[in-house]
Amino acid sequence: MSNYYIIGSGIVGCVIARELADHGHTVTIYERRNHIGGNLYDYTDEYGIRVQQYGPHIFHTDDEEIYNYFTKYCHVENYNLVCGSVMDGQCVPTAFDFQAIDTFFPDEKEVIKDRIQQIFNGRTSATVLELLECDDEYVQKFANFLYEKDYRPYTAKQWGISPSEIDKSIFKRVPILFSYGSKYFNDPYQVMPTNGYMELITNLVEHPSIKIHLNTDGLDIFTIKNNNVFKNDTIIDGTLIYTGPIDELFHCDIGELPYRSLRFKWVHEDIDSFQDMPVVAYPQAADYTRITEYKKLPIQQVSGTTYAVEYPLPYKTGQKQEPYYPVPSEESNILYCKYRERTNTIQNLICGGRLADYQYYNIDQAISRALGIASDLLNTD
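Cut-off values and rules
- Residues numbered from 1 in each chain as written.
- Predicted model: local features only at pLDDT ≥ 70, side-chain atom pairs only at ≥ 80, totals over all residues.
- Heavy atoms only, no water.
- Pairing = 2+ DSSP bridges.
- Helix = DSSP H or I, 4+ residues; strand = E, 2+ residues; numbered from the N terminus.
- Axes fitted to C-alpha atoms, helices over the stretch in contact; angles between N-to-C directions.
- Phe/Tyr/Trp six-rings, centres within 6.5 Å; stacked < 30°, edge-to-face > 60°.
- Lys NZ or Arg CZ within 6 Å of the ring centre and 35° of its normal.
- Buried < 20%, exposed > 50% of the residue type's maximum accessible area, 1.4 Å probe, protein only.
- Polar contact = N/O pair within 3.5 Å; in protein donor to acceptor, adjacent residues only side chain to side chain.
- Contact = heavy atoms within 4.5 Å.

A word on the sheet that holds strand β5 (residues 59-61). Pairing in this open sheet of 3 strands is antiparallel, and the strands run β5-β11-β6 from one edge to the other. A single partner strand is all that each edge strand has here, and the edge strands are β5 and β6 (76-78). Strand-to-strand twist of the sheet, defined as the mean angle between neighbouring strand axes without regard to direction, takes the value 35 degrees.

Of note, the bond from T94 into A95 is cis; its omega dihedral lies within 30 degrees of zero at 10 degrees. On the secondary structure map, A95 appears in the loop between β8 (90-94) and α3 (98-104).

A few words now on the packing of aromatic side chains. Scanning the model with the defined rule gives 28 aromatic pairs in all. These aromatic residues form a ring-pair network of at least three members: Y54, W159, F264, W266, Y294, Y324, Y325 and Y360. In this structure, R33 packs its charged tip against the face of Y54, placed 4.4 Å from the ring centre. In this structure, K225 packs its charged tip against the face of F230, placed 5.2 Å from the ring centre.

With respect to the helices and strands, D220 occurs in the loop between β12 (210-213) and β13 (222-225). Owing to a relative accessible area of 63%, D220 belongs among the exposed residues under this scheme. Between the C-alpha atom of D220 and that of K231, which follows or precedes it by 11 residues, the distance is 9.2 Å.

You can see S9 is positioned in the loop between β1 (3-7) and α1 (11-22). Judged by relative accessible area, which is 1%, S9 ranks as buried. At 2.7 Å, the side chain of S9 forms a polar contact with the side chain of E31. Among residues more than four places away in sequence, those in contact with S9 are C14, I29, E31, H35, I36, G37 and G38.

Right, here's the structure in full:
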């Protein structure tokens, strides 16, 4: 039996903890917040509406094993997310489909759709980048409209840098569909936890070999010296698994990696519905990016509605903010690789998760990453 110490109680830390505990190991989790669950944390507000404190999360995957793992620890209900984007005062579904052409190009809609189907014959979708590079003037006109009204302003606000500096993969996250009936995700498994994500998290860590310390910053306890991990000035008697920002593990001594944070403005109104869809982007708004209406995520039969307006902002180490998104650029990737190389030389240290890997993960990807780390550890015991 070995001792494992985990910094961070998000989905990655909790899955690793459960896998190790199930195989007879002792696990201690350190969480600097006053709750477990990381950014998946949800709760029922004073109006009886379950909300997600750190923004909307929807479980979706095409991996049956990951789906089975997820549903092993919580009850679920099918849920197909529909998102929207407001451009020039009109809301259309995203991913963008032929409805967007009908809405914004009523006089040219048939020719634009015909040209798209001819040029992309047999395909069901494409990225906005592919449409922008198309030689056809009608296809380009539609693509330029979407880029200038949605992709470019949303990207600039969300990431705080020029779209020309961002990794181009960002523009592939919202495709353009060559049909009607837009869905945000096409994965065969799309569900929400019936009783909230905290049922999942609580069940994962409910094990006699797992101990949790809340309101405890693990970096106040563990330090890196001479390629070793020290716990309270003594070489660690086990293995440290770190899921936080990788630069903060080294006190940002060669520079801070850029992360984006969020500020939420919470509003409750005594109305049935605030917006047509649960998650709507507002790319042309001055300072916020999107609004999530939680009584629709999933559908909750309650009176009134609660929604959160998201304002992106830069994350600064040491301030009372949460690092949500790694900023994907060539410069940030170079700095990340330098930190990652250092972790590879340190005994009894494993790093993983969105912040430690400096990579955006959906829930299924985070679970897969955690299971992979746990498997590697168990196979080397």
